[in-house]
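# Understanding the architecture of this molecule
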Amino acid sequence: MATIITYPAADEYSDNVGNYIKEAKADDLIEGLTASYSYIAGLMQGLAEEQLLHRYAPGKWSIKELLVHMLDAERIFSYRALRFARQDRTALPGFDENAYVSPSKADTRDINSILAEYTAVRTATIELFKSFDEEALNQKGIGSGSEISVRAIGYTILGHEIHHLRILRERYLV
């Protein structure tokens, strides 16, 4: 029987990711990640290229850039989860998400390529978290200057995505 990855306790994360974790209202991380993936993939497939390149204000990311940002963040967070689950005590630095946008060249990519990458990243994330037992999920490490558990990292991934979905609906698809 599959392990259900439950919501993290308040002592498993700090305020700097608390808002993301609060957005992730899933009783089971794997179900939440799966549902979010299905929703986003379907939504993106239904958008025209003009919509995918839309910026709601000067200097803001396009929808393609937003999606690639979510992929970059998920990869980085999953890497942290792996390191901490394996009891690596090395403090891991943060990253400047704005510095990643231009080099990603997201706007020049076909949406099907981005969605194929999204499928691969999400599948890898889900399989990684499914491989963790309770001991691994409870391991903690320092990421971006704050202590966080592996379980809380998983919910950060989901909450970060839900945060950006809300922005997408409120500012891009109006």
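For the structure given in this document, a descriptive report is provided here. (Residues numbered from 1 in each chain as written. Predicted model: local features only at pLDDT ≥ 70, side-chain atom pairs only at ≥ 80, totals over all residues. Heavy atoms only, no water.)

### Remarks on helix α2 (residues 29-45)
How we decide: Where helices and strands are cited, they refer to DSSP runs of H or I of at least four residues and of E of at least two residues respectively, numbered from the N terminus. What a helix should span is 1.5 Å times the count of its residues minus one. When a residue's accessible area, from a 1.4 Å probe over protein chains only, is under 20% of the maximum for its type it is buried; when over 50% it is exposed; and in between it is partly exposed. Note that the arc is defined by the directions from the helix axis to the C-beta atoms. When checking whether two residues touch, look at their non-hydrogen atoms; a contact exists if any pair is within 4.5 Å.
Here α2 contains 17 residues, and its C-alpha end-to-end distance of 24 Å stays within 8% of the 24 Å for a straight helix at 1.5 Å per residue. Of all the positions in α2, only Leu 29, Ile 30, Gly 32, Leu 33, Ser 36, Ile 40, Ala 41, Leu 43 and Met 44 are classed as buried. Taken around the axis of α2, the buried residues stretch over an arc of 165 degrees, which confines them to a single face. Opposite the packed face of α2, turned more than 90 degrees from it, sit the exposed residues Glu 31 and Gln 45. Those residues of α2 that are buried are in contact with α3 (49-52), α4 (63-85), α6 (111-131) and α8 (150-172).

### Let's talk about the pairing of strand β1 (residues 140-143)
Where we set the bar: Strands were regarded as paired on the criterion that DSSP finds at least two bridges between them.
Where burial is concerned, the two faces of β1 differ: the one with Gly 141 and Gly 143 is buried and the one with Lys 140 and Ile 142 is not. Connecting β1 to the antiparallel partner strand β2 (residues 146-149) that follows it, the hairpin turn spans two residues, and Ser 144 within it adopts a positive phi of roughly 55 degrees.

### Comments concerning the environment of Tyr 118
Relative to the helices and strands, Tyr 118 resides in helix α6. Once residues lying within four places of it in the same chain are set aside, the contact partners of Tyr 118 are Ser 36, Tyr 37, Ile 40, Ala 41, Leu 71 and Glu 161.

### Let's talk about unusual backbone geometry
One non-glycine residue, Gln 87, lies in positive phi territory at about 65 degrees. With respect to the element layout, Gln 87 can be found in the loop between α4 and α5 (97-104). One non-glycine residue, Lys 105, lies in the positive phi region at around 50 degrees. With respect to the secondary-structure elements, Lys 105 resides in the loop between α5 and α6.

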